[in-house]
Structures are given as C-alpha cells and as structure tokens.
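Structure at a glance
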Amino acid sequence: MARANLNLKQEVVDAFVNSQDDQSVRLIVVKIREEDLVLDSIISKVGNAQEDFSGILPQQFRNDTASFGLFRISDEVTSGAQWALIAWVPDGCRVRDKMLYSSSREDLRRGLGLGYFKFEYSASLEADFVWKAFIDSQVRNNTEDILTETERLILEEKTLSQAESGSSKATALGVIPFAVDTTVHTAWDEFVQGKVNWISLTLSGESVQLESSQQVTVEQNLSTVARADIASFVAVKLNSSSGVPTSFFVFCCPEDVPIRAKMMMSSAKATVLGSAKEHNANFDRLLETRDITDLDSLVKAELNPASDSAAATSQAPAAISKPTRPGKGRAKVAKFQAEED
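Residues numbered from 1 in each chain as written. Predicted model: local features only at pLDDT ≥ 70, side-chain atom pairs only at ≥ 80, totals over all residues. Heavy atoms only, no water.

**Description of the overall build of the protein**
Assigned secondary structure in the protein consists of 12 helices and 12 strands. By residue count, 47% of the 341 residues in the protein fall in the buried class. With an accessible surface of roughly 17100 Å², the protein has 50% of that area assigned to carbon and sulfur atoms. (Helix = DSSP H or I, 4+ residues; strand = E, 2+ residues; numbered from the N terminus. Buried < 20%, exposed > 50% of the residue type's maximum accessible area, 1.4 Å probe, protein only. Areas by Shrake-Rupley, 256 points an atom, 1.4 Å probe, with all protein chains shown as cover.)

Have a look at this one:
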C-alpha cells in the first residue's frame, strides 16, 4: 500500500525525544487529524512492560477510533529505549480511517527514526493485547527502509553486544552516545536568527559535526549544494511562492555510503533533532532521501504542492495521450470512491 505522506507534528517529535530520557513514560498515543499526525496523550508506567501491555493499552484505545501507540518495551536503563509501534484499528472505526492508519505507519516510523522501533503490532480487538501474542508475532516492518534487512540485522547484533558488555550508556538515542560539536550549536543559533538558511551535519566518529552552513535561494538546485559522497542531515528554510517560510529536515543517505555510516547516522537522528530543539529550531517537514539528485525536487515539491499539482494536471493530457480506439472512441474510466461510514 502506498504511503499516506502525512505531516508529523513537532509536538510528537518533541514528546518522543523527551521520553528517551524520561524513564517514566510507557506509552505515547498519536492520532491522525486531517493530514497531520498529532500528539494525543502521554501515559506513564504502572508496572513492567508485560503488565502494562495488557493493563494500559486496552484502557487507552476506543472501539470506534483508530490510534497509534508508541509503546516502550524496555524497562532497564542500560538497554536503551526500545519501542513498539502499535496500530490500533478496530472494526468499528470508519473505512477511511482504516485506510489512513494502514498507509501512514511508515510516515510515523521514518519521522521519529527507524532505528527506534524493534517491533510493530496490529490490533483490532481488546483481546489482542496479550503479551504472549505480541511476543510471538514479533512483527517487523518489511517495507523498504534506509537500511536493508541485512544492515538492520547487523545493527541489532551490534546493539545487543554493546548492551551486554556495558560498554555504552543509555542516551536519547539508545546505547550509542553521540556528542554534539560546539560549531553545531552555533549553526543552530544562526539558523534560528536567519543568518543562514542551510545547515549540513554529519558524523565524525561518534560526534555530530558541522559540514557546512550558508545562505541558499529557492532558485538554486539544492542537489548541488549537498554532498553526494556522505550521509548527512540537512536543515533548510525556504519561502514558498506565496512567501510562507517553511523549514525542512532531510536525512540524506546515499545508497553507496558504507553500512556502518548508515547505521550510525540512522541512530544519530534523534540526537540531531534534540540539539535543534535546544535552540528552538523547529521543522515543518521531516524528509528522507537515498539519492542526492532528488533532494531539490523533494523539497520543492513539498514547498509548493499546489503549483506542482496544477502543473502536473496541465501537462497530463499530453503525457498520456493515446490514439482513439478504432470504432469505439475514448475509453471511459470509472472512478473509485472509498467507502465511508
């Protein structure tokens, strides 16, 4: 199923980042409102993960309303935060909601960081909230991610080894601690003040480093500004055609980047977002790309969606024009309308 491409609100990102340090949080409930993924509630731990799975979850989800639950699996501080994405889609909710929640899981996972979610679990009945059923399922998202399946398995093995050896401490990311260079803090301040509108960050060892900061214009090809030979986090602020400033945070991870770099960058995403938040740098869109040549079109399609849609519509007849079928005229296409309760 195609992704819904919903907007992840900053309040969800903030709540999730903060919960990495706040060990009392067990559950974050996220709902879809119009075209946004919004924060609904934050629930504290009552017992251990097994007890709270069957105790808290049934109380938080209604039989006529779909929701997402970000459920903290780990209880030990030394193990790092591990989360399960719970998709609650009861039979009693609207058909449109069933479609939206089924197609927007990837938006939520990517927006918060793929490396956080060890499991996914779907439930439609209260009876589904049984710990054994959850453990037996061990549902993993098999859609195409920044990391391939093999790379994710390598990352899990590395993470487990570090946790068992006690060589790393828990942080906002999990078991791998990342420092943030002072130049990054300076760059965030300049970004908020408007002195620069482009920041590119990368990793050097286990430290987040500033790769570049500058002023760019909407007329520039952003794909030529970003480096194609490294994985990076890009923050860019541009004005739409109507003059509305829009901030983007883009995880750029080219296919030919070494596996270790992919793993480290994927794990560092929350640290980078957390450092931005410290300086009041907020983002309207969180994006990802594996091909730097797509960066410019990716950002500008989000910047002016209406104009892009209109342009596509005006060009469509020429693009799909075909000869009329002999003796039958133009074929008619029946439109499908989703059922709603």
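Moving on, there is more to tell.
**Thoughts on the state of the cysteines**
Simply put, the disulfide is a covalent bond whose two ends are the sulfur atoms of two cysteines. Taken as a whole, this structure holds 0 disulfides when the rule is applied. Lacking any disulfide linkage, cysteine 253 is separated from the closest cysteine sulfur, that of cysteine 252, by 9.0 Å. Overall, cysteine 253 belongs to the buried group, its relative accessible area being 2%. (Disulfide = S-S within 2.5 Å.)

**Structural notes on the sheet that holds strand β11 (residues 245–252)**
Read from one edge of the open sheet, 6 strands run β7-β9-β8-β10-β11-β12, paired in mixed fashion. Every interior strand has two partners, whereas the edge strands, β7 (179–180) and β12 (285–289), have only one. Note: β7 against strand β9 (residues 207–214), 2 bridges, orientation parallel. Considered in β9, the bridge of alanine 179 is made with serine 207. (Pairing = 2+ DSSP bridges.)

**Structural notes on the sheet that holds strand β4 (residues 67–72)**
If you trace the 6 strands from one edge of the open sheet to the other, you get β1-β3-β2-β4-β5-β6, paired in mixed fashion. Strands at the two margins of the open sheet, each flanked by one partner only, are β1 (7–8) and β6 (117–123). One ladder, built from 6 bridges, connects strand β5 (residues 83–88) with β6; its direction is parallel. Each residue of the ladder has a partner; that of tryptophan 88, found in β6, is alanine 123. Sheet strands touched by helix α1 (residues 10–19): β1, β2 (25–33), β3 (36–44), β4, β5 and β6. Its angle to β3, the strand with the most contacts, is close to 35°. Helix α5 (residues 105–112) contacts β1, β2, β3, β4, β5 and β6 of the sheet and is inclined by roughly 155° relative to β6. (Contact = heavy atoms within 4.5 Å. Axes fitted to C-alpha atoms, helices over the stretch in contact; angles between N-to-C directions.)

**A short note on the packing of aromatic side chains**
Taken as a whole, this structure holds 21 aromatic pairs when the rule is applied. Ring geometry for tryptophan 188 and phenylalanine 283: centres 6.1 Å apart, planes at 65°, overall edge-to-face. With a gap of 95 residues between them, tryptophan 188 in helix α8 (residues 182–193) and phenylalanine 283 in the loop between α10 (259–278) and β12 connect regions that are remote in the sequence. Judged on exposure class, the residue tryptophan 188 and its partner phenylalanine 283 are both buried. (Phe/Tyr/Trp six-rings, centres within 6.5 Å; stacked < 30°, edge-to-face > 60°.)

**Overview of the nonpolar core**
If you look at the biggest cluster of nonpolar residues, it comprises 52 residues, and the most contacted ones within it are Phe68, Leu70, Trp83, Leu108, Leu112 and Trp188. Sort the elements by how many residues they give to this core and α10 lands first, with 7 residues. In this structure leucine 70 touches Phe16, Arg26, Leu27, Ile28, Val30, Trp83, Ala84, Leu85, Leu108, Leu112 and Phe117, once residues within four positions along its chain are discounted. Ile56, Tyr121, Phe129 and Trp131 belong to the second-largest nonpolar core, a separate cluster that totals 19 residues. (Core = buried A, V, L, I, M, F, W, Y, C linked by side-chain atoms within 4.5 Å.)

**What about the environment of lysine 45?**
Mapping lysine 45 onto the fold places it in the loop between β3 and α2 (49–55). With a relative accessible area of 24%, lysine 45 lands in the partly exposed category. On a C-alpha basis, the gap between lysine 45 and leucine 27 in space is 7.8 Å, while along the polypeptide they are 18 residues apart. Excluding residues within four positions of it along the chain, lysine 45 makes contact with Gln23, Ser24, Val25, Arg26, Asp52, Arg72, Ser74 and Asp75.

**So, helix α11 (residues 295–303)**
Along α11, the residues classified as buried are Leu295, Asp296, Val299, Lys300 and Leu303. With its buried residues spanning 110° around the axis, α11 presents them on a single face. (Arc of directions from axis to C-beta.)

**Considerations on the pattern of salt bridges**
The full count for this structure, using the stated rule, is 16 salt bridges. With a shortest N-O distance of 3.5 Å, aspartate 40 and arginine 33 are connected by a salt bridge. A relative accessible area of 46% means that arginine 33 is categorised as partly exposed. With a shortest N-O distance of 3.2 Å, glutamate 120 and arginine 105 are connected by a salt bridge. (Salt bridge = Lys/Arg side-chain N within 4 Å of Asp/Glu carboxyl O.)

**Brief notes about the pairing of strand β8 (residues 198–204)**
Among the 7 residues of β8, 6 are classified as buried, and the element is accordingly described as predominantly covered. Where β8 hands over to β9, the hairpin turn is made up of 2 residues, of which glycine 205 adopts a positive phi near 65°. Taken together, the 4 bridges between β8 and strand β10 (residues 232–239) define a ladder with antiparallel strand orientation. Bridge pairing links leucine 201 to phenylalanine 233 in β10.

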